[in-house]
There are 2 protein chains.
Amino acid sequence: MIRLGIAQVNTIVGDFKGNANKIALNLETAEKYDLDILVFPELTICGYPPEDLLLKKHFIEANIEALYTLAKKITSKTVIIGFVDHDEKGHLYNACAVICNHKIIGVYRKMFLPNYAVFDEKRYFEAGQENIIFSKDRQSLFALSICEDIWVKNGPYVEQAKSGAQILINISASPYYAGKNRERKAMLCAHAIETQAFICFANLIGGQDELVFDGSSCIISPKGKIIAQAKSFTEDFIAADLNIQFQQANKKQITCKKINLPHCAQIDITKIHLPLKNNFAPKDLSLVQEIYQALVLGTKDYAAKNGFSKAVIGISGGIDSALTAIIAVDALGADNVVGVSLPSQYSCSETKLDAEILCKNLGIQFIRIPIQNIFTAYLSVLKDIFKQMPVDTTEENLQARIRGNILMALSNKFSWLVLATGNKSELSVGYCTLYGDMAGGFAVIKDVPKTLVYKLAAFRNQQQSNELIPQSIIKRPPSAELKNNQKDTDTLPDYSILDAILKAYIEENQKVSALQKSQGFKEEIMRKVIPLVDKNEYKRRQSPPGIRITPKAFGKDRRMPITHKFIE
Amino acid sequence: MIRLGIAQVNTIVGDFKGNANKIALNLETAEKYDLDILVFPELTICGYPPEDLLLKKHFIEANIEALYTLAKKITSKTVIIGFVDHDEKGHLYNACAVICNHKIIGVYRKMFLPNYAVFDEKRYFEAGQENIIFSKDRQSLFALSICEDIWVKNGPYVEQAKSGAQILINISASPYYAGKNRERKAMLCAHAIETQAFICFANLIGGQDELVFDGSSCIISPKGKIIAQAKSFTEDFIAADLNIQFQQANKKQITCKKINLPHCAQIDITKIHLPLKNNFAPKDLSLVQEIYQALVLGTKDYAAKNGFSKAVIGISGGIDSALTAIIAVDALGADNVVGVSLPSQYSCSETKLDAEILCKNLGIQFIRIPIQNIFTAYLSVLKDIFKQMPVDTTEENLQARIRGNILMALSNKFSWLVLATGNKSELSVGYCTLYGDMAGGFAVIKDVPKTLVYKLAAFRNQQQSNELIPQSIIKRPPSAELKNNQKDTDTLPDYSILDAILKAYIEENQKVSALQKSQGFKEEIMRKVIPLVDKNEYKRRQSPPGIRITPKAFGKDRRMPITHKFIE
């Protein structure tokens, strides 16, 4: 019997002291439950992903020092934790240390380095070459892998299981997108059955710039049954007693491929086992529910980790700002969110009222600052230069940028974080104003297509008995209200069509002509929409960071040149 | 005797038609000079770097189609050109085709894929495994490599030379930073001597988003002498007659390591040689001169390739906007640049006058739009909310953002490209206003430290007999003029000190404590400056693209998390 636990922690990149404190707290819990083995996620020591901080030698040194400081504290328990390893040539490795009796008794180095999507691991790390296994009383017990290693077909875990490893421990920092947890669990359960071994999956939780890590760590039996499951989107601590069959292990070893065991160690595990509290087994979240929680966590952590306690949001009376405001309230608390209505001559009385009602419903501070006089002042100085020119989007953008300037002034004066409210659909086709509604420190729903905005709003409304987002906001046709009687559909197709086109073009890299055939989109619409996506890359390049919830967000995930002539 | 030429072309990413036309024109030139071999740069077919366009299957197909269309046109000449190759598994390769007699007779695949600094090649490409050599009349003649391959110690060129290759052809898209051409030439000449082979270095020229490719292609003799040298920062065509010693080659082959020659082909080269015109041998540029040319080319190409013919610049009467304006004039012509003075109550009469004189000196359109009334309108609506708070940077930023809004309005109305004027020193420490002076489509001098701004201004002034930048602009202590009697040095150390600290911290990743010791910077200054760099990452994340001229620019070159706690 092995008592194994996972500390699902929320680290901060480069916060060696803070992360060490968090590790220490979890070691106390492990003590309390008398665990044999405690597992922490990928790069727990330094936080994930450290990006170019890894190019600083003293960052690596600080990380090694933190690891040794930790090792000094560890006595009979076995602690497994992620850190950055280095060799004498100065090469770096995304690594996992096994600590016991004040010593680092073994180190596994990640073999498969993701370098696609949001990942740049080959920029920093060399691939590990050595597959190792840890034994107890001369019997193979567990082996390690790091994140990607366990996603790869015939990855190191296969050989590990063949060599008798009873527990396949994977430490991860697996970034969230909608549905990722389901995919991941299915993959892990299949691997457990395939290898006939326990799987221990220790995943990071927390927000880090554009990424959210959802946690959802778990321990899976050799039959593919989840025997312990951590919550998603929050710190957690889980443990299970694993009934290890050593006899079976030894039989296996006879048939197994010989592998290098240079770091192999005898783990002397204390044998006293107290009954564990039943682990809380969280229910699976619905897709909308998990996306909502990701957005809340991403917002909460961006604010907290960057030293903001309060946020300010321009409230238009539309659905996007309403959703952003609720997420902000759930992330920071109603006392820490300020809603600002910035009406112009084109704002109708209904949206102005709705903005106020929304803030009242949410219990947040409400400020109204009309922009009419400022707009007039701009038009006045531009009159001579613009005189022969017809009114166009210029005048619309002017208003949006006045709002951006006012929100930023409030931010500067009161140290409030401006949350931008644009959704993925608008950002895709550039139906937004650079430095206007795009202004802000963090763009909460920038990866949320408009059709999903409605679903999230409906979901959150249902959670509560009192009304949050007024129905009039949900039912009113979307409008930027930057000129008279403006509607989004004057310029764009219906969002249900637009979002389907955008998903195919942006997330799936489909060809325009193929899209026409397979999905039956009208050529006329395609010819209008697709070029907008490419033409507006320059705007997206200057947009604030925001939370990734799809398999392909803008930002590190989709690295398109601004300058190019390939629109197909 | 082999007559070898290099077509140093300026391609556009994804512009298959435009690039093909450019290739065709150069083939005509090759015809005229009766070349045996014509070499084009890396990824000439599709442009470089295509980034995530490479993830579109139909982009790869279009590139293959363009290569085959080209092959059809080529008869007796041998043409060597870069394209994206793929295999049956769908893996991509950064490749080089050898075309002769309407056929692709061989393909070399890049072996060393840069994945550091601005490069992401492992995101897209697999590494080539096969080193090949091309022979003529059964005698080894030339071999190929691609960019990075020739920078690597003991790269494929070593084996190629050992196997008898007389000409080592390297096709490149080697992005510029100050001094790169000197480094590169020294490396190439050393390789020529080491291998006793001719080196033919065909480099891309042109601007692509943040990168500038400087060209400077050359042909080097086995004695390490440059026998033909293309100009820097402009398209060019060079050629040389190479006196190939086949006897020697065969001797070499006897001692050489056996290598795979699956693509080896007999090249039947027409033997008629006419005397070549003497190649123009450009003088080496000074460092300041080459940086200036890089800035002009980067600006010119960003505008042209993105469909802008005119640019607009906020002219403050300071040195940064003055330098940006001159670069714009040199890039786009005086008729295509508009200078806008946007004075506030804090703008002194001298800077207002200087702004006007500068525009007059440059022969560009001058517009003056005072922002006082707009500023008053903002203060008026914010009065109630701000009432108990002291005046601070909020009011300064308001002014900068009014200017940003006006410049963007001019951009929107007249389709002018806004050129932002901030330098690297300010951007490093955040001494700039997001959406204010940072606003724009392209930030010309964002990688130019302030001390270098002065050098570039002085250099450009010297080039001309009439005065360009008035001496008063050069001599006046820098000021943002956003409050009374403001000077940059109220907030920042002297730029000579600041720039030295920033270079060590940003470009060299040095540790704060080491900097104090080695360079003797005062602790007090360090403690003030360094945290500013990290705290202002969020601003840089939203800054417009601009031209890289140092070995580490902001942007793809330096991928720092916004959220982190490591400041050392």
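Quick notes on the rules
- Residues numbered from 1 in each chain as written.
- Chains lettered and ligands numbered in written order.
- Predicted model: local features only at pLDDT ≥ 70, side-chain atom pairs only at ≥ 80, totals over all residues.
- Domains from an automatic or database assignment.
- Contact = placed C-beta atoms within 7 Å.
- Helix = DSSP H or I, 4+ residues; strand = E, 2+ residues; numbered from the N terminus.
- Nonpolar A, V, L, I, M, F, W, Y, C, P; charged D, E, K, R; others polar.
- Pairing = 2+ DSSP bridges.
- Least-squares fit on C-alpha atoms with pLDDT ≥ 70 in both.
- Buried ≥ 20, exposed ≤ 12 C-beta atoms within 10 Å, placed from the backbone.
- Axes fitted to C-alpha atoms, helices over the stretch in contact; angles between N-to-C directions.
- Parallel < 35°, antiparallel > 145°, perpendicular 65-115°, else oblique.
- Left-handed = near helix turned anticlockwise from the far one by under 90°.
- Expected span 1.5 Å × (residues − 1).
- Arc of directions from axis to C-beta.

Novice: I keep staring at the domain arrangement of chain A and nothing clicks. Help me out?
Specialist: Buried accessible area, meaning the area lost when the parts come together, often serves as the stated size of an interface. Residues and elements named next belong to chain A. The assigned domain composition of chain A is domain 1 (2–255) and domain 2 (287–541). Between domain 1 and domain 2, the C-alpha centre-to-centre distance is 39 Å. Domain 1 puts 11 residues into the contact, and the matching count from domain 2 is 11 residues. At the level of secondary structure, the elements contributing two or more residues to the side of domain 1 that touches domain 2 comprise strand 10 (205–208) and strand 11 (211–214). Of the residues that constitute the side of domain 1 that touches domain 2, the class distribution is 5 nonpolar, 5 polar and 1 charged.

Novice: Could you clarify how one ought to interpret the sheet that holds strand 17 (residues 365–368) of chain B in this entry?
Specialist: Within the open sheet, the 5 strands sit side by side as 17-16-15-18-19 (chain B). Their pairing is parallel. Looking at the sheet topology across the chains shown, the edges are occupied by strand 17 and strand 19 (442–443) of chain B.

Novice: When you look at the relation of the copies chain B and chain A in this model, what are you seeing that I'm missing?
Specialist: Look at the two chain copies: a rotation about an axis and a shift along it is all it takes to match them. Rotating chain B by 180° and moving it 0.0 Å along the rotation axis overlays it on chain A with an RMSD of 0.0 Å. Put plainly, the chains are arranged around a two-fold axis. Considering only C-alpha atoms, the residue of chain B closest to the rotation axis is B:Gln542, which sits at 2.1 Å. Comparing interface residues between copies, 98% of those in chain B also lie at the interface in chain A; the contact surface is shared.

Novice: Looking at this structure, how should I read the environment of A:Phe308?
Specialist: Residues and elements named next belong to chain A. If you trace the backbone, Phe-308 turns up in the loop between helix 8 (287–305) and strand 15 (311–314). Owing to 19 C-beta atoms within 10 Å, Phe-308 belongs among the partly exposed residues under this scheme. As for Phe-308 and Ile-374, which are separated by 66 residues in sequence, their C-alpha atoms are 29 Å apart. In contact with Phe-308, not counting residues within four places along its chain, are Ala-303 and Leu-417.

Novice: I would appreciate a short explanation of the packing of helix 11 (residues 372–386) of chain A against helix 12 (residues 393–414) of chain A in the present structure.
Specialist: Packed helices, taken two at a time, are described by their axes: the angle between them and the distance between them. Residue and element names in this part refer to chain A. Put simply, helix 11 and helix 12 touch, their axes get as near as 10 Å, and they point 130° apart. Classified by the angle their axes make, helix 11 and helix 12 are oblique. Every pair of crossing elements has a handedness; the one defined by helix 11 and helix 12 is right-handed. Residues Ile-374, Phe-375 and Tyr-378 of helix 11 lie in contact with helix 12, whose contacting residues are Leu-398, Gln-399 and Ile-402.

Novice: I would appreciate a short explanation of helix 1 (residues 16–32) of chain A in the present structure.
Specialist: One turn of the α-helix equals 3.6 residues, which is why residues spaced by three or four share an orientation. Between the first and last C-alpha of helix 1 of chain A there are 24 Å, a value that for 17 residues agrees with the 24 Å anticipated at 1.5 Å per step. Residues of helix 1 of chain A that are buried make contact with strand 1 (2–8), strand 2 (37–39), helix 2 (57–73) and strand 14 (236–242) of chain A.

Novice: Sorry if this is basic, but what is going on with the sheet that holds strand 7 (residues 139–146) of chain A here?
Specialist: Each strand in a sheet pairs with another by means of backbone hydrogen bonds, the pair being arranged parallel or else antiparallel. Residues and elements named next belong to chain A. Reading across the sheet, the 6 strands line up as 6-7-8-9-12-13 and stay open at both edges, with mixed pairing between neighbours. Edge positions in the open sheet fall to strand 6 (133–136) and strand 13 (226–229), since each of these has one partner strand only. Within the sheet, the average angular offset between the axes of one strand and its neighbour, ignoring direction, is 15°.

Novice: Help me understand the interface of chain B and chain A in this model?
Specialist: With 66 residues of chain B at the interface, the matching set in chain A holds 65 residues. Elements that contribute at least two residues to the side of chain B that touches chain A include exactly helix 2 (57–73), helix 3 (121–124), helix 8 (287–305), helix 11 (372–386), helix 12 (393–414) and helix 20 (537–541) of chain B. The biggest single contributor to the side of chain B that touches chain A is helix 12 of chain B, with 11 residues.

Novice: When you look at the packing of helix 1 (residues 16–32) of chain B against helix 2 of chain B in this model, what are you seeing that I'm missing?
Specialist: All names here are of chain B. Two numbers describe how helix 1 lies on helix 2: the axes approach to 11 Å, and their chain directions differ by 25°. When the axes of helix 1 and helix 2 are compared, the pair comes out roughly parallel. Between helix 1 and helix 2 the crossing geometry is right-handed. Only Ala-62, Asn-63, Ala-66, Thr-69, Leu-70 and Lys-73 of helix 2 make contact with helix 1, whose side of the interface consists of Phe-16, Ala-20, Ile-23 and Leu-27. Taken together, the residues that form the contact of helix 1 with helix 2 break down as 7 nonpolar, 2 polar and 1 charged.

Novice: What is the right way to read the environment of B:Tyr495 from this model?
Specialist: All names here are of chain B. The residue Tyr-495 is located in helix 17 (residues 495–507) in this model. The spacing of Tyr-495 and Pro-478 is 17 residues in sequence and 9.8 Å in space, taken between C-alpha atoms. In this structure, Tyr-495 is in contact with Ser-425, Lys-450 and Thr-451, ignoring residues within four places of it in sequence.

Novice: Would you explain helix 17 of chain B in this entry?
Specialist: Residues and elements named next belong to chain B. Among all positions in helix 17, only Tyr-495, Leu-498, Asp-499, Ile-501, Leu-502, Tyr-505 and Ile-506 are buried. Down the axis of helix 17, the buried set is contained in an arc of 165°. They therefore lie on one face. Residues of helix 17 that are buried sit in contact with helix 13 (424–429), helix 14 (450–462), helix 18 (512–519) and helix 19 (523–535). Where helix 17 ends, the next residue or the one after it, Asn-509, has phi of about 55°, a positive value.

Novice: Sorry, what's going on with the pairing of strand 11 (residues 211–214) of chain B here?
Specialist: Side chains B:Leu211 and B:Phe213 of strand 11 of chain B all project onto a buried face; the interleaved residues B:Val212 and B:Asp214 project onto the opposite face, where all are buried too. Count of turn residues in the strand 10 (residues 205–208) of chain B/strand 11 of chain B antiparallel hairpin: 2 residues, of which B:Asp209 carries a positive phi of about 55°.

Novice: What exactly am I supposed to notice about unusual backbone geometry here?
Specialist: For the bond running from A:Tyr48 to A:Pro49, omega is -10°, close enough to zero to count as cis. The phi dihedral of A:Leu43 falls on the positive side, at around 45°, and the residue is not glycine. Inspection of the secondary structure puts A:Leu43 in the loop between strand 2 and helix 2. Even without being a glycine, B:Ser415 presents a positive backbone phi close to 60°. Examined against the element boundaries, B:Ser415 turns out to sit in the loop between helix 12 and strand 18 (417–420).

Novice: Hey, could you run me through the pairing of strand 10 of chain B in this one?
Specialist: Where a strand is regular, its side chains alternate between the two sheet faces. Residue and element names in this part refer to chain B. Burial of strand 10 is two-sided: the residues Ile-205 and Gly-207 facing one way and the residues Gly-206 and Gln-208 facing the other way are all buried. Where strand 10 and strand 11 come together, 4 bridges link them in antiparallel fashion. Pairing of Gly-206 across the sheet is with Phe-213, part of strand 11.

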